[in-house]
Amino acid sequence: MEKRNFENELPKGYKQALYINAKKAKFGIIFNLIALVVLAIVMTVSIIPLYYSGRFTLDIIKVGRLNYLVAMLVFVVALIGYIVLHELVHGIAYKILTGEKLTFGISWSCAFCGVPHIYTYRKTAIISVSAPLVLFTLILSPITALLYFVSPLYYLISAFILGIHLGGCSGDIYVLLLLGVKFRKKNVLMRDTGPEQFFYVKEEENG
């Protein structure tokens, strides 16, 4: 593996410029509130066309109790599957780009995947952090749109998972904004333990 994607040790001349930790109460509460707001927006936007077409009440009421139970089971399985796959996609991207050992876990504020023993360069970090956001947005958006014409109930379930996805990516989006704005120089390094991200820049570049 070429070292242009990461460093095994922090090179000389680098110093820590920023540290974020999703396990900290302030960070976890803020980003989970953001996730709830995003979910509420997605669901509101999704319900509006059903409501004005008259399908929000009539078609869903006609589904029946058994189909509701099946739909809820599908929802739970799909949601758990999404959470697992989201972190696996982070891991696959990191594995392809670095070949290094991954760590997975879950805390009160988030599920996570990281490569805690190395320092990744900006390009590697951007690709790995953004991979689930891009992939699942491209998958869930057309599925949700298609289900609108098939089943209002499953359309709402898909919309809910899409909202969970977009809201749950708020932490990833924050990291991407940091890499794209605050740390836009190519030789920034990031150490990602999963719930924690450490950003390093050369001392003359800091600030």
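Residues numbered from 1 in each chain as written. Predicted model: local features only at pLDDT ≥ 70, side-chain atom pairs only at ≥ 80, totals over all residues. Heavy atoms only, no water.

(A) A look at the environment of Ala-159. In this fold, Ala-159 is placed in helix H5 (residues 152–168). On the accessibility criterion, Ala-159 (0% relative accessible area) is buried. C-alpha separation for the pair Ala-159 and Glu-196, spaced 37 residues apart in sequence, amounts to 29 Å. Leaving out residues up to four positions away in the same chain, Ala-159 has contacts with Val-42, Met-43, Ser-46 and Thr-144. (Helix = DSSP H or I, 4+ residues; strand = E, 2+ residues; numbered from the N terminus. Buried < 20%, exposed > 50% of the residue type's maximum accessible area, 1.4 Å probe, protein only. Contact = heavy atoms within 4.5 Å.)

(B) Layout of the pairing of strand S3 (residues 103–106). The pairing of S3 with strand S4 (residues 111–121) spans 4 bridges and is classified as antiparallel. Note that in S4 the partner of Gly-105 across the bridge is Phe-112. (Pairing = 2+ DSSP bridges.)

(C) Seen up close, the nonpolar core. With 34 residues, the main nonpolar core has Val-175, Leu-179, Met-190 and Phe-199 as its most contacted residues. For this core, the secondary-structure elements that each account for two or more residues are helix H1 (25–53), helix H3 (65–98), S4, helix H4 (122–148), H5, helix H6 (170–182) and strand S6 (196–202). In terms of residue count, H3 provides more of this core than any other element does, 7 residues in total. Of all hydrophobic cores here, the second largest spans 7 residues; its members include Leu-39, Met-43, Leu-50 and Tyr-155. (Core = buried A, V, L, I, M, F, W, Y, C linked by side-chain atoms within 4.5 Å.)

(D) The arrangement of the packing of aromatic side chains in detail. According to the stated counting rule, one finds 11 aromatic pairs in the structure shown. An aromatic cluster is defined as three or more aromatic residues linked by ring pairs; in this entry it consists of Phe-27, Phe-31 and Tyr-174. (Phe/Tyr/Trp six-rings, centres within 6.5 Å; stacked < 30°, edge-to-face > 60°.)

(E) Examining H4 more closely. Relative to the 39 Å expected for 27 residues at 1.5 Å per residue, H4 spans 39 Å between its end C-alpha atoms, a close match to the ideal helical length. A bend of about 45 degrees at Ser-130 is the largest found in H4, and the proline Pro-132 appears one to four places after it. (Expected span 1.5 Å × (residues − 1). Bend = angle between axes of the 7 residues up to and from the residue.)

(F) Representation of the state of the cysteines in the model. On inspection of all chains with the given rule, the structure shows 0 disulfides. In this structure Cys-110 is not part of a disulfide, and its nearest cysteine sulfur, from Cys-113, lies 11 Å away. You can call Cys-110 partly exposed: its relative accessible area is 23%. (Disulfide = S-S within 2.5 Å.)

(G) View of the packing of H1 against H5. Two elements in contact, H1 and H5, have axes whose closest approach is 8 Å; the angle formed by their N-to-C orientations is 155 degrees. Judged on the interaxial angle alone, H5 and H1 are roughly antiparallel. Regarding H1 and H5, the two cross each other, and that crossing is right-handed. Facing H1, whose interface residues are Ala-35, Val-38, Leu-39, Val-42, Met-43, Ser-46, Ile-47, Pro-49 and Leu-50, H5 presents Pro-152, Tyr-155, Leu-156, Ala-159, Phe-160, Gly-163, Ile-164, Leu-166, Gly-167 and Gly-168. Considering only residue class, the contact of H1 with H5 consists of 15 nonpolar, 4 polar and no charged. (Axes fitted to C-alpha atoms, helices over the stretch in contact; angles between N-to-C directions. Parallel < 35°, antiparallel > 145°, perpendicular 65-115°, else oblique. Left-handed = near helix turned anticlockwise from the far one by under 90°. Nonpolar A, V, L, I, M, F, W, Y, C, P; charged D, E, K, R; others polar.)

(H) Region of the structure containing the pairing of S4. Judged by how many residues are buried, S4 sits mostly within the fold: 9 of 11 residues are covered. Pairing analysis gives 2 bridges linking strand S1 (residues 6–7) to S4, with the strands arranged antiparallel. Counted as the bridge partner of Glu-7 is Tyr-119 from S4. Linking S3 back to S4 in an antiparallel pair, the connection comprises 4 residues. Note: S4 against strand S5 (residues 189–192), 3 bridges, orientation antiparallel. Note on S5: the bridge partner recorded for Thr-120 is Met-190.

(I) Main features of a nonpolar patch on the surface. On the surface, Val-76, Ile-80, Val-84, Leu-85, Leu-88, Ile-92, Ile-96 and Phe-104 cluster together into a nonpolar patch covering about 730 Å² of accessible area. Looking at the nonpolar patch element by element, the count peaks at 7 residues for H3. Summarising the element assignment, Phe-104 is placed in strand S3. By relative accessible area, Phe-104 is classed as partly exposed at 44%. (Patch = residues over 30% accessible without salt bridge, like charges linked within 9 Å, V, L, I, M, F, W, Y side chains within 5 Å. Areas by Shrake-Rupley, 256 points an atom, 1.4 Å probe, with all protein chains shown as cover. Salt bridge = Lys/Arg side-chain N within 4 Å of Asp/Glu carboxyl O.)

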